[in-house]
Amino acid sequence: MAGVAELKDRLRTDLTASIKARDEVRSSTLRMVLTAITNAEVAGKEARELSDDEVIGVLSTEAKKRREAATAFDDGGRAEMAEKERAEAAVIADYLPAQLSEDEIVALVTAAVEQTGAAGEGMKAMGKVMGVVQPQVRGRADGGVVAAEVRRQLG
């Protein structure tokens, strides 16, 4: 991934296009995501530009919020709100790297367990293994799914 926030520029360009096309869901979602990125940039001691990897981190967080909200709305019997959250999640997914398959996650975790020599250590080694796997899956897999696989292999 090149340069500082090439992805952020793409989001801005797409926002302009979606406003012109009167695509309500896409434009409101992109506005929300760009606001989250701006908030991340001004958080902390001094304002700074986020790198593409950091932008992907923000996008992943926003996508996860949408998935969780959709589930909550489904559980509460509010199907139309759940659909809205899913539509927003779909828009965000367009900007995330392709998601890893279950087999790819299993392979990455297996490699990390071997690399850290954590096979016999059980759950004590969870942090060690997650530390190796997280950078490899960032933005490409749900952290909960990865953690569950690490637990399965260590347990």
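This text follows the structure it describes.
Residues numbered from 1 in each chain as written. Predicted model: local features only at pLDDT ≥ 70, side-chain atom pairs only at ≥ 80, totals over all residues. Heavy atoms only, no water.

**Q** Describe the overall build of the protein, with residues and values.
**A** The secondary structure content of the protein amounts to seven helices and zero strands. Considering only C-alpha atoms, the protein reaches an extent of 55 × 45 × 30 Å along its principal axes. Here the protein holds 155 residues, and the buried ones make up 36% of them. Contacts spanning at least 24 positions in sequence make up 62% of the contacts within the protein whose residues lie at least 6 apart. Accessible area of the protein: about 9,000 Å², with a carbon and sulfur share of 53%. Charge-centre separation for the protein: the mean point of 22 positive side chains lies 4 Å from the mean point of 27 negative side chains. (Helix = DSSP H or I, 4+ residues; strand = E, 2+ residues; numbered from the N terminus. Buried < 20%, exposed > 50% of the residue type's maximum accessible area, 1.4 Å probe, protein only. Contact = heavy atoms within 4.5 Å. Areas by Shrake-Rupley, 256 points an atom, 1.4 Å probe, with all protein chains shown as cover. Lys, Arg positive; Asp, Glu negative; His and termini not counted. Charge placed at Lys NZ, Arg CZ, Asp CG, Glu CD.)

**Q** Residues and numbers for the environment of E104, please.
**A** With respect to the secondary-structure elements, E104 resides in helix α5 (residues 102–116). Residues E104 and V137 lie 33 residues apart in sequence; the distance between their C-alpha atoms is 9.8 Å.

**Q** How would you explain the packing of helix α2 (residues 24–42) against helix α3 (residues 52–75) if you had to name every residue and give the values?
**A** Their axes nearest at 10 Å, the elements α2 and α3 cross at an angle of 130°. As judged from the angle between their axes, α2 and α3 are oblique. Considering the relative orientation of α2 and α3, their crossing is right-handed. Together, M32, V33, A36, I37 and A40 of α2 and V55, V58, L59, E62 and R66 of α3 make up the contact between the two elements. Class assignment of the residues belonging to the contact of α2 with α3 gives a composition of eight nonpolar, no polar and two charged. (Axes fitted to C-alpha atoms, helices over the stretch in contact; angles between N-to-C directions. Parallel < 35°, antiparallel > 145°, perpendicular 65-115°, else oblique. Left-handed = near helix turned anticlockwise from the far one by under 90°. Nonpolar A, V, L, I, M, F, W, Y, C, P; charged D, E, K, R; others polar.)

**Q** Give me the side chain of D52: which residues, what numbers.
**A** Secondary-structure assignment places D52 in helix α3. A distance of 2.9 Å separates a polar side-chain atom of D52 from the backbone nitrogen of L7. (Polar contact = N/O pair within 3.5 Å; in protein donor to acceptor, adjacent residues only side chain to side chain.)

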